[in-house]
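Geometric and topological summary
Here's the letter readout for the chains.
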Amino acid sequence: MSTTRHPEVPGEPTQKTTALLETATATTQGFDPINKIHQHLCAFHFYGHDMTRQVEAHHFCAHQNEEVRQCLIYDGPEADAKLIGLEYLISENLFMTLPDAEKPLWHSHEFEVKSGVLFMPRMPGALERQDLDKVCKTYGKTIHFWQVDRGDNLPLGLPQIMMALTRDGQLDENLASDCEKRFGVNFDKERENRGYMKGPEHGIHPLANGAGKGLQTKLRGVDCNPAAEPVPRIFV
């Protein structure tokens with residue numbers, strides 16, 4: 001099942017006193033990490049263990065440097081959208097330095113970009129393609145904490161590894177059509193416009209994208225290593 005649903009979050013409405021306090025803190029505190037966000041990407045993720053569960057993911061990204069971006073992922077672009085996950089984007093060069101056991105957790109972006117389904121809302125095509133030509137060569141690691149596709153109104157369960165589309169026929173047609181209508185984009189037309197783009201220089205690494213297998217986060221109980229020395233008790 002795929003979805004663009006936005007579950008209603010439980011809880012009392014924000015009080016006026018809270019809103020006033022937020023206004024005060026917004027004028028006195030610094031938000032440098034958030035202020036570095038410069039880019040809005042829209043794409044689709046599926047759960048690493050279940051491709052039928054697909055989510056429209058809105059990435060709000062900042063560069064750490066030319067080879068590393070970090071993105072907050074929301075279930076929509078609206079002011080009340082839910083923070084559902086994180087994604088890190090790295091260059092092919094950095095991906096190649098990862099241990100082999102780590103590489104399956106990362107997905108390629110070549111198909112997403114070249115197929116047109118990864119786009120930058122409201123961005124003029126020429127500027128959009130200039131940046132996506134770089135994204136096409138990167139790898140991403142994505143964790144979702146909030147399973148909005150199930151209708152969860154709070155972030156329940158374990159964080160899950162998410163993957164990206166790698167070939168035609170994977171994206172749910174209804175999800176794609178709904179997104180095209182809401183944002184006024186045409187994936188097929190953009191595919192034509194991006195035909196010149198190229199993916200990673202050495203091709204998509206065979207260990208990327210789960211190494212061709214499904215991945216699911218599971219919880220396992222383990223012994224907690226005791227402290228080297230007993231911690232003194234202050235309160236009895």
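None of these values were measured; they are calculated from a predicted model.

**Description of the overall build of the chain**
What the chain contains, in helices and strands, is seven helices and eight strands. Projected onto its principal axes, the C-alpha positions of the chain cover 70 × 50 × 35 Å. The buried share among the 236 residues of the chain stands at 40%. Of the contacts formed within the chain by residues at least 6 apart in sequence, a portion of 67% connects residues at least 24 apart. Carbon and sulfur atoms make up 55% of the accessible area of the chain, which totals about 14,300 Å².

**With respect to helix H6 (residues 173-183)**
Listing the buried residues of H6 in full gives Leu-175, Ala-176 and Cys-179. Considered in projection along H6, the buried side chains sweep an arc of 100 degrees and stay on one side of the axis. Along H6, exposed side chains directed more than 90 degrees from the buried face belong to Glu-173, Asn-174 and Lys-181. Sitting at the amino-terminal end of H6 is Asp-172, which places a side-chain oxygen 3.0 Å from the backbone nitrogen of Asn-174. Looking at the residues trailing H6, positive phi occurs at Gly-184, about 65 degrees.

**Brief notes about the packing of aromatic side chains**
Tallied over the entire structure, the rule returns five aromatic pairs. Summarising the aromatic geometry, the rings of Phe-44 and Phe-187 are spaced 6.2 Å apart at their centres and angled 85 degrees between planes, so their arrangement reads as edge-to-face. Note that Phe-44 is positioned in strand S2 (residues 39-47) and Phe-187 in helix H7 (residues 187-193), a separation of 143 residues in sequence. Look at Phe-44 and you get buried, because its relative accessible area is 1%. Ring plane angle 45 degrees and centroid distance 5.9 Å describe the contact between Phe-119 and Phe-187, whose orientation is recorded as tilted. Of this pair, Phe-119 sits in the loop between helix H4 (110-114) and helix H5 (125-135) while Phe-187 sits in helix H7, and the two are 68 residues apart along the sequence.

**Thoughts on the state of the cysteines**
Scanning the entire structure with this criterion turns up one disulfide. Of all cysteine sulfurs, the one in Cys-179 lies closest to Cys-42, which takes part in no disulfide; the gap is 4.2 Å. Take Cys-42: its relative accessible area is 0%, and that puts it in the buried class. Taking relative accessible area as the criterion, Cys-179 reaches 0% and is therefore assigned buried.

**Here's the deal with unusual backbone geometry**
A positive phi is found at Asn-209, a non-glycine position, where the angle reads about 55 degrees. Of note, Asn-209 is situated in the segment after H7. Exposure remark for Asn-209: the relative accessible area of 18% places this residue in the buried category. The phi torsion at Ala-211 lies on the positive side, around 55 degrees, for a residue other than glycine. For Ala-211, the location among the structural elements is in the segment after H7.

Rules and cut-offs
Residues numbered from 1 in each chain as written. Predicted model: local features only at pLDDT ≥ 70, side-chain atom pairs only at ≥ 80, totals over all residues. Heavy atoms only, no water. Helix = DSSP H or I, 4+ residues; strand = E, 2+ residues; numbered from the N terminus. Buried < 20%, exposed > 50% of the residue type's maximum accessible area, 1.4 Å probe, protein only. Contact = heavy atoms within 4.5 Å. Areas by Shrake-Rupley, 256 points an atom, 1.4 Å probe, with all protein chains shown as cover. Arc of directions from axis to C-beta. Polar contact = N/O pair within 3.5 Å; in protein donor to acceptor, adjacent residues only side chain to side chain. Phe/Tyr/Trp six-rings, centres within 6.5 Å; stacked < 30°, edge-to-face > 60°. Disulfide = S-S within 2.5 Å.

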